[in-house]
Amino acid sequence: MKLSRISQLLNEQYHGEDIDIERVGSLEADCKKAILYVENSKYLEKAKARKPAALVIPPGLNTGGIPFIEVEDPKLVFIKLLEIFNPSRNKPDKAYIDKDVKISTEADVKPDVTVMAGAVIMKGVRIGAGSVIYPNCVLEKDCSIGTGTILYSGVIIRERCTVGNDCIIHSGTVVGSDGYGFYEKEGKIIKIPQIGIVEIADRVEIGANCAVDRATVDKTVIGSDTKLDNMVHIAHNVRIGERCLIAAQAGISGSVNIGNHVIILGQAGIADHVSIADNTIILAQSGIPSDVKKAEVLFGTIARPIKEHHRIHAALKYLPDLLKRVKDLESKLEGRTDKY
Amino acid sequence: MKLSRISQLLNEQYHGEDIDIERVGSLEADCKKAILYVENSKYLEKAKARKPAALVIPPGLNTGGIPFIEVEDPKLVFIKLLEIFNPSRNKPDKAYIDKDVKISTEADVKPDVTVMAGAVIMKGVRIGAGSVIYPNCVLEKDCSIGTGTILYSGVIIRERCTVGNDCIIHSGTVVGSDGYGFYEKEGKIIKIPQIGIVEIADRVEIGANCAVDRATVDKTVIGSDTKLDNMVHIAHNVRIGERCLIAAQAGISGSVNIGNHVIILGQAGIADHVSIADNTIILAQSGIPSDVKKAEVLFGTIARPIKEHHRIHAALKYLPDLLKRVKDLESKLEGRTDKY
Amino acid sequence: MKLSRISQLLNEQYHGEDIDIERVGSLEADCKKAILYVENSKYLEKAKARKPAALVIPPGLNTGGIPFIEVEDPKLVFIKLLEIFNPSRNKPDKAYIDKDVKISTEADVKPDVTVMAGAVIMKGVRIGAGSVIYPNCVLEKDCSIGTGTILYSGVIIRERCTVGNDCIIHSGTVVGSDGYGFYEKEGKIIKIPQIGIVEIADRVEIGANCAVDRATVDKTVIGSDTKLDNMVHIAHNVRIGERCLIAAQAGISGSVNIGNHVIILGQAGIADHVSIADNTIILAQSGIPSDVKKAEVLFGTIARPIKEHHRIHAALKYLPDLLKRVKDLESKLEGRTDKY
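Every value quoted in this text rests on a predicted model; they were computed, and no experiment measured them.

1. Digging into helix α1 (residues 3-10) of chain B
Residues and elements named next belong to chain B. Among all positions in α1, only Leu3, Ile6, Ser7 and Leu10 are buried. For α1, the angular spread of buried residues about the axis comes to 100 degrees, placing them on one side. In this structure, the buried residues of α1 make contact with β2 (34-37), β3 (54-57), β4 (68-70) and α3 (74-85). After α1 finishes, the residue Asn11 shows a positive phi value of roughly 60 degrees.

2. Focus on the pairing of strand β23 (residues 219-222) of chain A
Residue and element names in this part refer to chain A. Examined bridge by bridge, strand β20 (residues 197-200) and β23 share four bridges and lie parallel to one another. Looking at the pairing, Ile197 lines up with Lys219 of β23. Relative to strand β26 (residues 239-240), β23 runs parallel, the two sharing two bridges. Bridging across to β26, Ile222 finds its partner in Ile240.

3. Some remarks on the relation of the copies chain B and chain C
For the match of chain B to chain C, the screw axis carries a shift of 0.0 Å, the RMSD comes to 0.1 Å, and the turn is 120 degrees. The superposition operator between the copies reduces to a three-fold rotation axis.

4. What to know about the sheet that holds strand β32 (residues 275-276) of chain B
Residue and element names in this part refer to chain B. Judged by pairing direction, the sheet is parallel, and its nine strands sit side by side in the order β6-β9-β12-β15-β20-β23-β26-β29-β32 without closing on themselves. The strands lining the two open edges of the sheet, one partner per strand, are β6 (108-109) and β32. Across two bridges, the pairing between strand β26 (residues 239-240) and strand β29 (residues 257-258) is parallel. Note that in β29 the partner of Arg239 across the bridge is Asn257.

5. A few points about the interface of chain A and chain B
Taken together, the 68 residues of chain A in the interface contact 69 residues of chain B. Between chain A and chain B the total buried area reaches about 5300 Å² when both faces are included, carbon and sulfur atoms providing 64% of it. At the junction of chain A and chain B, the tally comes to 24 residue pairs in polar contact (both at pLDDT 80 or more). Mapped onto the side of chain A that touches chain B, the elements with two or more residues apiece are β17 (174-177), β18 (182-185), β19 (188-191), β22 (211-213), α4 (306-316) and α5 (319-339) of chain A. The element best represented in the side of chain A that touches chain B is α5(A), accounting for eight residues.

6. A word on the interface of chain B and chain C
Each partner contributes to the interface: chain B provides 68 residues, whereas chain C provides 69 residues. Both faces combined, the contact of chain B with chain C buries some 5300 Å², and carbon together with sulfur accounts for 64% of it. Our enumeration of links across chain B and chain C arrives at four salt bridges. The closest approach of N and O atoms between Glu330(C) and Arg325(B), which form a salt bridge, is 2.8 Å. For the pair chain B and chain C, the number of links is 24 residue pairs in polar contact (both at pLDDT 80 or more). Secondary-structure elements contributing two or more residues to the side of chain B that touches chain C are β17 (174-177), β18 (182-185), β19 (188-191), β22 (211-213), α4 (306-316) and α5 (319-339) of chain B. Considering each element in turn, the side of chain B that touches chain C owes the most residues, eight residues, to α5(B).

7. A closer look at the pairing of strand β18 (residues 182-185) of chain C
Judged from the four bridges that link them, β18(C) and strand β19 (residues 188-191) of chain C form a sheet pairing that is antiparallel. When the bridges of β19(C) are listed, Tyr183(C) appears paired with Ile190(C).

8. Here's the deal with the sheet that holds strand β4 (residues 68-70) of chain C
Residue and element names in this part refer to chain C. Strand order across the open sheet formed by four strands is β1-β2-β3-β4, with parallel pairing between neighbours. Here the strands that pair on one side only, and so sit at the sheet edges, are β1 (23-24) and β4. With two bridges connecting them, β1 and strand β2 (residues 34-37) associate as parallel partners. Residue pairing across strands places Val24 opposite Ile35, the latter belonging to β2. Its contacts with the sheet put helix α1 (residues 3-10) on β2, β3 (54-57) and β4, and the angle it makes with β4 is roughly 20 degrees.

Scoring rules and cut-offs
Along each chain, residues carry numbers from 1 onward, in the same order as the chain's sequence is written. Each chain is given a letter, starting from A, and each ligand a number, starting from 1, according to the order in which they appear as written. A pLDDT threshold of at least 70 governs which residues receive local features in this predicted model, and a stricter bar of 80 or more applies before side-chain atom pairs are shown or counted, although totals over entire chains, interfaces and linings include all residues. Side-chain metrics rest on all non-hydrogen atoms present in the structure, leaving aside hydrogens and water. Remark: exposure states derive from per-residue accessible area (1.4 Å probe, protein chains only) relative to the maximum for the residue type, with buried under 20%, exposed over 50%, and partly exposed in between. Numbering of helices and strands runs from the N terminus, with a helix taken as a DSSP run of H or I at least four residues long and a strand as a DSSP run of E at least two residues long. Picture the helix axis, draw a direction to every C-beta atom, and the arc is the one those directions span. Whether two residues are in contact is decided by their heavy atoms: any pair within 4.5 Å suffices. Pairing between strands is defined by DSSP: at least two bridges between them are needed. Least-squares superposition aligns the copies on the C-alpha atoms of those residues with pLDDT at or above 70 in both. The term buried area means the drop in 1.4 Å probe accessible area that two parts suffer when joined, counted for both and summed. Pairs of N or O atoms within 3.5 Å make up the polar contacts considered here, provided that, within protein, one atom can donate a hydrogen while the other can accept it, and that residues adjacent in sequence are counted only when both atoms are side-chain atoms. Should a side-chain nitrogen of Lys or Arg be within 4 Å of a carboxyl oxygen of Asp or Glu, the pair is scored as a salt bridge. As a rule, the C-alpha atoms of each element are fitted with a line to give its axis, helices using only the stretch in contact, and angles between N-to-C directions run from 0 to 180 degrees.

Spelled out as structure tokens, the structure:
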């Protein structure tokens, strides 16, 4: 693709030679025939050393002769470039329903839906226009998928759960598994039936091999624009707000209530029935045992405000020595006492 | 359903008007036309505020005119109500084997078994009466499933592994993956073949996207009535007793031996070859490096008895300041020494 | 199988009676008719107590009349015995392609490939000679599998990703899910398309229910002979060297660069963009926030050198008491001050 054509698609001016661009480059690899973006001046020299065919730069940088597009927000243009060069084509050029699919005659599949081989669509399922169901997905009875949603291979949506519009769910993820509810009585462990559902709002993305449990009687909710990474566990009755970012292997226990735009990093855990204020940031591997009432940055098990955690972490280095020093003080003072 | 009918099914007396009940309610949501249970007096006012059609209460509470059923154990009645109103019908009304199933002619499938579309049942597999195999499950060669067991969509049981009676295994779980066994010799990493099996006893429940590894030569065992949450990892040669509760994302390393009624909370881990005494409680995110010889409550990495952990956690807040105080003491004492 | 026949297959001399051996035994169970290996003299008595039919021993032990094979490296012989007695036969006796498979006419499937029921092989896929694809796997468009590789049931390889020769990937694992990349701008969360791939080298083994994310533009790489346990998360743009061992539930964040022969134990996590030196050992549940420049053994969140961690851990026990002791010293010194 000519740089002039890219410039046209981006609706941004280009400068220098109108060369051929074959792909989007990365700072980590050779960039022959690639267009590469530079977030800020710090990365300019490294970018030039990759010898890209063209650069996307913020205002005021000197590319030293490499053709370039100068924009206010190079990262945003980078995203557009990825869309332009996307070789994945996550939606097929033309919607189709594979002949090796098992679709119930009582399912409601709207126009322009793609269902690939091996998928099972049970009775009462609804799939909105333009959605794409990859191979070997299972949509159990009466579940519903909005419009423009992609379920990658092997996703399982259990009965009656609902997924919104323009969602992306990655392979191996299970939506609507039973919540973990048991009642111990006289040495017996009795299962509490989990008859609620999961409700996933619009533009939610869920990574690979996650599990989102159905509520006991009501619903587990994931708010719009919230993004989950891989292997995130969402227990029953959890309510997650909008625009939350939850990184890989985080675990959210039962009945937790998470506000809007909460950020939870990898392998962190939240205890059951806890509420988390809007805009809270929970760092990796942290454990949150109780309510977080106002936005702060938390770290550690049991989590503390980040500054407190770092002060303690730094001080711990001196703890073994401190034991000796105190003993020393005690014996000196004791010695002194003896003296008198 | 009339309250009188529910009362009849529960074999419990009702009081007040014989109204219509449409569902089981939750304290977290509006309860119009719902029957709601109150665990104890603490929740009574909140329950009444939800305006339920009827209440299930412990003895001696005043429902203020709301029809009610008074019972010794409201939670147990709640469980029965969930079963009565269960809209999931996890077992079909009538057993069937879908035509889009691949069942080996050399499999032994007992009467009243349901196998849904896309499931693969290989040679030598045995499935006991009344079991239900959801879509896209794979039962590999010579594995065996007891009676009355449910495997939800996408469960994989690898060759020769055995699952007991009345078990529930949730979607995406793998039973019988190879244990992680390698031998390093002269810079090479040699795989140790894992030729044992997994043996799952009766009434075991396993959450979504778990992995239970087969033993190297013998068997990995999960005892009866033990319940695993989502994404639990059980390594090879592990033996878990009866009535254990293992929460989400916990990891049990190779050859661990867990007693009966051990409780392991989320994201906890147990090192290999460790034995855990009956009734031990391991709190969330804890790491257990060595044998637990008698039941206690453990917390932290490396885990300590809970009281010790909490005392240390509380004291840590003062550690950075303590460094200064000791320095101060030292200089005072030093100064004093100088004096003399 | 006669002991003489085993001796012949191993090319090792046997001593004692030429008895029948039915299986490989384990120290954890009764060993009737089994051959059992003894790693060193420490385990000899325990092994004899299991009453095995025969023993594999290191030089110089006395088996007390039990027939034996004496070898330099009993563990290596144990591995050969497991291969001899392997009842799994992970590759079928004769390659076959099940009739219930959906293979694109535009896929390139080499001779001696087995594809079992329910697998979906899309357009442009290449599968090398002798590979085995278990039931319900999905090989998306243009992905490629080397020779002699096994994908167990339910493995998903997303489009354009490549798996090398003689690899083993366990059930439920996803290779090539989108990396977790978002850009926040003016309160909106914009997805960064992930158009790179995953490249898995030769002799790599990946456990059950793992997720390996595709790179943003380039490739996520797993080096040859590296072995991953179950539920390991590998984020986008990660590069892992050769012969690494990564235990269950470990999480590797985006753009991490791991050297050769790095060992990462269970539930450990590495922050994004971190580099880890060759031969580093990261213990269980550790968190690595920054580069590890030379090989050492690290433990804890935030990780420290193991010795430092253990000294601190031991000292922590005395911290609550230390607070009192320092207070005591202060009041004594204060009292003393008053005296003067």
